[in-house]
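Notes for the structure review
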Amino acid sequence: MKKLLIAILPIMLIGCNVGNAPAGGSEEETKKVFDSQPFEAKVKFFMDSPMTPEDKKKKIEELYSKEGKQVPADLFNNMPGPAGAPVSTGPAR
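Report follows, based on the coordinates. On a predicted model such as this, the values are computed, not experimentally measured, just so you know.

**Observations regarding the packing of aromatic side chains**
Two aromatic rings are characterised by how far apart their centres lie and by the angle between their planes. In this structure the tally under the stated criterion is four aromatic pairs. Plain terms: the ring middles of phenylalanine 45 and phenylalanine 46 are 5.2 Å apart, the flat faces sit at 75° to each other, and that makes the pair edge-to-face. The exposure class of phenylalanine 45 is partly exposed, given its relative accessible area of 49%. Look at phenylalanine 46 and you get buried, because its relative accessible area is 11%. An aromatic cluster is built from Phe34, Phe45 and Phe46, whose rings are joined through pairwise contacts.

**With respect to the nonpolar core**
Within the largest apolar cluster, nine residues are counted, these being Phe39, Val43, Phe46, Met47, Ile60, Leu63, Tyr64, Leu75 and Phe76. Secondary structure elements with two or more residues in this core: α3 (39-48) and α4 (53-67). Broken down by element, this core gets its largest block of residues, four residues, from α3.

**Quick notes on the pattern of salt bridges**
Counted according to the given criterion, the structure contains two salt bridges. In this structure, lysine 44 engages aspartate 48 in a salt bridge whose closest nitrogen and oxygen atoms are separated by 2.5 Å. A residue pair is termed a helical-turn pair when its members lie 3 or 4 positions apart in one helix, as lysine 44 and aspartate 48 do in helix α3 at four residues. Given a relative accessible area of 52%, lysine 44 falls into the exposed group.

**Things to note about the packing of α3 against α4**
Packed helices, taken two at a time, are described by the angle their axes make and the gap between the axes. Between α3 and α4, whose axes approach to 9 Å, the crossing angle comes to 170°. Compared by their axis directions, α3 and α4 come out roughly antiparallel. As α3 packs across α4, the resulting crossing turns out to be right-handed. Here α3 contributes Phe39, Lys42, Val43, Phe46 and Met47 to the contact with α4, which in turn contributes Lys56, Lys59, Ile60, Leu63, Tyr64 and Glu67. For the contact of α3 with α4, the class distribution of residues is seven nonpolar, no polar and four charged.

About the thresholds
- Residues numbered from 1 in each chain as written.
- Predicted model: local features only at pLDDT ≥ 70, side-chain atom pairs only at ≥ 80, totals over all residues.
- Heavy atoms only, no water.
- Phe/Tyr/Trp six-rings, centres within 6.5 Å; stacked < 30°, edge-to-face > 60°.
- Buried < 20%, exposed > 50% of the residue type's maximum accessible area, 1.4 Å probe, protein only.
- Core = buried A, V, L, I, M, F, W, Y, C linked by side-chain atoms within 4.5 Å.
- Helix = DSSP H or I, 4+ residues; strand = E, 2+ residues; numbered from the N terminus.
- Salt bridge = Lys/Arg side-chain N within 4 Å of Asp/Glu carboxyl O.
- Axes fitted to C-alpha atoms, helices over the stretch in contact; angles between N-to-C directions.
- Parallel < 35°, antiparallel > 145°, perpendicular 65-115°, else oblique.
- Left-handed = near helix turned anticlockwise from the far one by under 90°.
- Contact = heavy atoms within 4.5 Å.
- Nonpolar A, V, L, I, M, F, W, Y, C, P; charged D, E, K, R; others polar.

This is how it looks when you write it as structure tokens:
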């Protein structure tokens, strides 16, 4: 019985640690990485996020405002909605 316990113990110790995800970065580190991204990557991040179209539009407008740039008129025309369907922000045709 003692030999069996000695044989199983290393497997149990290794098995208990398998599958544990590494700890993520702190909020400060995550913000620092995001802020270091190019402007276009930040816009793409919000465009591809699972946020509501209204929240996406707000965040992207804030980004353009911080950069001192004008939001392109057609930027939100093909923005996917929560289910992947395009969301129309203009008048119906």
